[in-house]
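Each chain is listed here by its residues.
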Amino acid sequence: MAWFKRKEKGIQTSTEQKKDTPKGLWYKSPTGKIVDSKELEKNFYVSPEDGYHVRIGSKEYFEILFDDNKFKELDANLTSKDPLKFEDTKKYPDRLKAAEKKTNLKDAVRCAVGKSKGKDLVIACMDFAFIGGSMGSVVGEKIARAADYALKKKLPFMIISKSGGARMMEAALSLMQLAKTSAKLGQLADAGLPYISLCTDPTTGGTTASFAMLGDINIAEPGALIGFAGPRVVRDTTGQELPEGFQTSEFLLEHGFLDFITHRKDLKNKVNKYIDLITNQPLRA
Amino acid sequence: MEYLEFELPIKELEEQLDKCQVIGEESDVDVTQTCKQIEKKLLATKKEIYKNLTPWQRVQLSRHPNRPYTLDYINAICGDSFLELHGDRSFKDDKAMIGGLGKIGDQTYLFIGQQKGYNTKTRQYRNFGMANPEGYRKALRLMKSAEKFGIPVVTLLDTPGAYPGLEAEERGQGEAIARNILEMTRLKVPIITIVIGEGASGGALGIGVGDKIMMLENTWYSVISPESCSSILWRSWEFKEQAAEALKLTAKDMKKVKIVDDIIKEPLGGAHTDRETTFKTVSKAIEDAYEEFKNLSPKDLVNKRIEKYSEMGVFKG
């Protein structure tokens, strides 16, 4: 009997024992393109083949926008309480704990100040990974305080939205964060400080009905979902088939609600170019 | 009169009372005693039922088909002095959002509010009180005009939400609401806001930022309707009672977390059972609120308002 003769029929290796590449080495974009993770990181987390902008969080955006990834985080230790003792299929504090454990984040926004192309910029960046980037009291307060910081230091302000909307577990308290954040933006406007709103995938609900649409410029990443009511709600309410590209960045640009769409690799340059132009400063190289 | 499910014991007693009175009129039998007894029992039953309303029952009352709507209030309060104004000056006139000028006593106010219909035809005409972006833009246009002439603003909230339609999205529903919220935080005239029915989410807040926020006793105000909350968090429409409970959406709960300043009492059984009294109470509440703010300078007024909203929210750290 030859030594290589198969003694048993079929493949006997159990699934667990099959050799596999370690997780996270490759990324597959929605169109099916496979990208090496290192390659993706170098390319600003945009799939080089189809231009798909992968959902990233505050860590990555700060890395992209702040020089040498140097920044000072503001109000890093604010965390949520459970003022309404909210309980659905899960208790709200349990949801918070689970989210914190999963994401290593304290809530759905991080705010920071740092140099971007050599000049100070205040950025509030939402994290979708934390309960869908939902806006509760902490998100509202952190954004308000970051705006206050910008006001005090006379700095431009930027919010990167990535959120499903208001946080249901804080009910009306989260609704009031729309007013709280908008009031601050009004004060920034009165002080003549530029505010840039970047809409990323997804920007819906309460964020769209407040700061995401209130920028001196509203800009977006390509292909992001941006809207007030989610597409499913619109379809269910109206019974209409939604046109292709409904509520994408390109759709909003066409309907006049965005100033421009920018590829992530150009984001830092374009934001700073706008700031230089609107504040009548020489353009930074 | 239409009755909600939990009001059926009242319906039964009222029918008994009617019958009793008819017997009294048509025969020689003396029914005064019996009638009195039924009346007494009716009042006790009403008190018992309305004192212990669950959040979901209040939601039902806020949507009661006989409940007065925005224009009912305005017409009763302002009478002939009311002048309705139309249009957003860029797209069209939204029938779900109404606005106009009217007097209470000697003072002119700008009234803004979502309007619902009272039968199938008018409900459609008013789009069930769900405004489109042009509705919010009409409201803002009128508020800006009131600001120019120093006229205080009264907003009456009664909406199941901003309209989630395809065209509404195309015309920027989110932007329209956001713009209103921002501009209302810094409008230089007093804004008095009263929830008279349903206060659903951004659609309500889009005309709901003010110096004095009040709710009628049997209304609700939250970030989402109990039905939608149930469908998202429980993945079923069946948990609306629990959702109503969890959302803490009643006037009392809202006052506890300091989002509303005052609760306006309704007649026993709800605003619709005694409209005249309801209108009078609301009119008085508007006048009292205006009294509080009319002497503040525009700067103090706006600062106070921004401070009020800056304090909303509960967190650690």
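Described below are features of the structure shown in this document.

Criteria and cut-off values
Residues numbered from 1 in each chain as written. Chains lettered and ligands numbered in written order. Predicted model: local features only at pLDDT ≥ 70, side-chain atom pairs only at ≥ 80, totals over all residues. Heavy atoms only, no water. Helix = DSSP H or I, 4+ residues; strand = E, 2+ residues; numbered from the N terminus. Buried < 20%, exposed > 50% of the residue type's maximum accessible area, 1.4 Å probe, protein only. Contact = heavy atoms within 4.5 Å. Polar contact = N/O pair within 3.5 Å; in protein donor to acceptor, adjacent residues only side chain to side chain. Buried area = accessible area lost by both parts, 1.4 Å probe. Salt bridge = Lys/Arg side-chain N within 4 Å of Asp/Glu carboxyl O. Nonpolar A, V, L, I, M, F, W, Y, C, P; charged D, E, K, R; others polar. Pairing = 2+ DSSP bridges.

Quick look at the environment of E170(A) now. On the secondary structure map, E170(A) appears in the loop between strand 7 (157–163) and helix 5 (171–190). Its relative accessible area of 0% is what places E170(A) among the buried residues. Remark: the alpha-carbon pair of E170(A) and A183(A), spanning 13 residues in sequence, is separated by 20 Å. Among residues more than four places away in sequence, those in contact with E170(A) are S80(A), K81(A), L84(A), Y92(A), G136(A), S137(A) and V314(B). Within the local environment of E170(A), its side chain forms a polar contact with the side chain of Y92(A), the two groups lying 2.6 Å apart.

Each partner contributes residues to the interface: chain B has 48 residues there, and chain A has 60 residues. Of the roughly 4500 Å² buried where chain B meets chain A, counting both sides, 74% is carbon and sulfur surface. Viewed at the interface, chain A and chain B are joined by 1 salt bridge. A salt bridge links D190(A) to R186(B); the shortest N-O distance between them is 2.9 Å. Summed over the shared surface of chain B and chain A, the result is 12 residue pairs in polar contact (both at pLDDT 80 or more). Where the side of chain B that touches chain A is concerned, the elements lending two or more residues are helix 7 (166–170), helix 8 (173–185), helix 9 (201–205), strand 7 (220–222), helix 10 (226–233), helix 11 (240–247), helix 14 (298–310) and strand 9 (315–316) of chain B. Split by residue class, the side of chain B that touches chain A holds 27 nonpolar, 11 polar and 10 charged. Inspection of the sheet shows strand 4 (residues 79–80) of chain A paired to strand 9 of chain B by 2 bridges, in the antiparallel sense. Across the sheet, S80(A) pairs through a bridge with F315(B), a residue of strand 9 of chain B.

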